[in-house]
Amino acid sequence: LQFKLAQKDTKKFYLFKVLRAHILPLTNVAFNKPGTSFITGSYDRTCKIWDTSSGEELYTLEGHRNVVYAVAFNNPYGDKIATGSFDKTCKLWNANNGKCYHTFKGHTAEIVCLSFNPPSTLIATGSMDTTAKLWDLQNGTEIATLTGHTAEIISLAFNSSGNKLVTGSFDHTVSIWDAGTGRRVHTLIGHHSEISSTQFNYDSSLIITGSMDKTCKLWDVNSGKCIHTFSGHEDEVLDVSFDYTGHKFVTASADGTCRVYDSYNHNCITKLIGHEGEISKVCFNPQGSKILTASSDKTARLWDPETGDCLQVLEGHSDEIFSCTFNYEGNMIITGSKDNTCRIWS
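Residues numbered from 1 in each chain as written. Predicted model: local features only at pLDDT ≥ 70, side-chain atom pairs only at ≥ 80, totals over all residues. Heavy atoms only, no water.

Asks: Is there a simple way to think about the overall build of the protein in this case?
Replies: Helix and strand content of the protein: 1 helix and 32 strands. Computed over its C-alpha atoms, the radius of gyration of the protein comes to 19 Å, within 12% of the 20 Å expected for a compact globule of 346 residues. By the burial criterion, 58% of the 346 residues in the protein qualify as buried. Considering only intrachain contacts with a sequence separation of at least 6, the fraction spanning at least 24 residues in the protein is 43%. For the protein, the computed accessible surface area is about 13,800 Å², with 46% contributed by carbon and sulfur atoms. Side-chain charges of the protein comprise 31 positive and 37 negative groups, with the mean position of each set lying 3 Å from the other. (Helix = DSSP H or I, 4+ residues; strand = E, 2+ residues; numbered from the N terminus. Rg over C-alpha atoms; globule rule 2.2 N^0.38 Å. Buried < 20%, exposed > 50% of the residue type's maximum accessible area, 1.4 Å probe, protein only. Contact = heavy atoms within 4.5 Å. Areas by Shrake-Rupley, 256 points an atom, 1.4 Å probe, with all protein chains shown as cover. Lys, Arg positive; Asp, Glu negative; His and termini not counted. Charge placed at Lys NZ, Arg CZ, Asp CG, Glu CD.)

Encoded structure:
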């Protein structure tokens, strides 16, 4: 990571492949750690595994009876894939041969978010039934149901050690849970509307939350107290992301702008202005030297997080882009669009 942070970044990205991935719209995309393969979820009820360099489809993961909405690799290992579906189940798959290990049943409504814990022993699923569940990968059983929210859970994330889980809900609150016991440690109260996005920083001392109330809040994990509220966006905050050091974070808004903040002195470092539509996804590259945004204006853009300069516009999609991600090295990007294609940029 230190080496990554030290590298000066002047790289331009070029379109490498366009994949007409599914007949019906895509939902989400994810890379494995080396970026050698990636997965796409779709309204066609499948998840597909793709070879990044050839653009060939390796496997189609079939078995869900409704939209496959949430998809993830168990990075850094990359040998397993989890899919969460509107059919209320989560499935665990072998990434190397496409076989299904387990189907996790128990939710009473759509699963809309999921995550592997870092050691890859658990999967957490978040559902429209207001609960999250923890599942044991090895034997396919439910370990705990996390109850307490009063509306849909639409965002969840483990901290880097895997001993805590954060959930964000349409009930305007965020909860921190002990991943070992399933017990709620803190309820983070203060937002005035639905939560859109939640994330821990790398050392798990801070949580950032974005909300439809147009604000973003920074919270102390140990006390559960709000450290600062960041206002300034003119519309809903749709996504939030820390850089890999946790010193900075970025907010993406339906107002078509992003803001980069300092996590410690709470100053706004810069604003990212240029998109002509709402920005639904934002992330830093692993080096922290670039920010990637996906917008309804059919473009993805790369930005300098210090100056706010737009470094590059990734054009070519014919409909809104709702998903964008870097591989671990930061030298490849996938964008997923409502035009039913994925584009690989390298």
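From this point, things continue past the structure.
Asks: Looking at this structure, how should I read the sheet that holds strand β11 (residues 122-127)?
Replies: Strand pairing in a sheet relies on backbone hydrogen bonds, with the paired strands running either antiparallel or parallel. On the basis of which strands lie adjacent, the open sheet formed by 4 strands has the order β10-β11-β12-β13 and antiparallel pairing. In this open sheet, the two strands that pair with only one neighbour each are β10 (111-116) and β13 (142-146). Each strand of the sheet is rotated relative to its neighbour by a mean of 20 degrees, with strand direction disregarded. Relative to β11, β10 runs antiparallel, the two being bridged by 5 bridges. In the sheet register, Ile 111 faces β11, and the bridge partner there is Ser 127. (Pairing = 2+ DSSP bridges. Axes fitted to C-alpha atoms, helices over the stretch in contact; angles between N-to-C directions.)

Asks: Can you help me understand unusual backbone geometry in this one?
Replies: Note that the residue after Asn 75, namely Pro 76, is joined by a cis bond; omega there is 10 degrees. Look at His 266: it is not a glycine, yet its phi comes out positive at around 70 degrees. Even without being glycine, Asn 340 reaches a positive phi, approximately 70 degrees. Relative to the assigned elements, Asn 340 resides in the loop between β31 (333-337) and β32 (341-345).

Asks: Mind showing me how you'd approach the nonpolar core here?
Replies: Nonpolar side chains tend toward joint burial in soluble globular proteins. Core analysis: the biggest nonpolar cluster contains 13 residues, and Ala 124, Leu 134, Leu 146, Leu 156, Phe 158 and Leu 165 have the highest contact counts within it. For this core, the secondary structure elements donating two or more residues are β10, β12 (132-136), β13 and β14 (153-158). For this core, the element with the most residues is β14, which contributes 3 residues. Those residues in contact with Ala 124 that lie beyond four places of it in its chain are Cys 113, Leu 114, Ser 115, Lys 133, Leu 134, Leu 156, Phe 158 and Leu 165. (Core = buried A, V, L, I, M, F, W, Y, C linked by side-chain atoms within 4.5 Å.)

Asks: Which parts of the structure should I look at to understand the environment of Asn 66?
Replies: Among the secondary structure elements, Asn 66 is positioned in the loop between β5 (57-61) and β6 (68-73). Exposure remark for Asn 66: the relative accessible area of 30% places this residue in the partly exposed category. When sequence neighbours within four positions are dropped, the list of residues in contact with Asn 66 reads Arg 45, Ser 85, Phe 86 and Asp 87.

Asks: When you look at the packing of aromatic side chains in this model, what are you seeing that I'm missing?
Replies: Any aromatic ring pair is given by two values, namely how distant the centres are and how the planes are angled relative to each other. Under the defined criterion, the tally for this structure stands at 9 aromatic pairs. Pairing Phe 31 with Phe 38 gives two aromatic rings, centres 6.1 Å apart and planes at 65 degrees, and the pair type is edge-to-face. Side by side, Phe 31 and Phe 38 carry an identical accessibility label, which is buried. For the ring pair Phe 230 and Phe 249, a centre distance of 5.0 Å and an interplane angle of 80 degrees mean the geometry is edge-to-face. Of this pair, Phe 230 sits in strand β21 (residues 226-230) while Phe 249 sits in strand β23 (residues 248-253), and the two are 19 residues apart along the sequence. Relative accessible area serves as the criterion here: at 4%, Phe 230 is assigned to the buried category. Residue class for Phe 249 comes out buried when judged on its relative accessible area of 0%. One aromatic cluster is present, built from ring pairs that chain together Phe 230, Phe 242, Phe 249 and Tyr 261. Between the NZ or CZ atom of Lys 11 and the centre of the ring of Phe 13, over which it lies, the distance is 4.9 Å. Across the ring face of Phe 16, the terminal group of Lys 17 is positioned such that the distance to the ring centre comes to 4.3 Å. (Phe/Tyr/Trp six-rings, centres within 6.5 Å; stacked < 30°, edge-to-face > 60°. Lys NZ or Arg CZ within 6 Å of the ring centre and 35° of its normal.)

Asks: What exactly am I supposed to notice about the pattern of salt bridges here?
Replies: Pairing of side chains with opposite charge becomes possible as their charged atoms draw close. Throughout the structure, instances matching the rule amount to 5 salt bridges. For Lys 80, the salt bridge is made with Asp 79, and the minimal N-O distance between the two is 3.4 Å. In this structure, Glu 320 and Lys 338 form a salt bridge, with 3.5 Å as the shortest nitrogen-oxygen distance. Of this pair, Glu 320 sits in the loop between β29 (310-314) and β30 (321-326) while Lys 338 is found in the loop between β31 and β32, placing the two residues 18 residues apart along the sequence. (Salt bridge = Lys/Arg side-chain N within 4 Å of Asp/Glu carboxyl O.)

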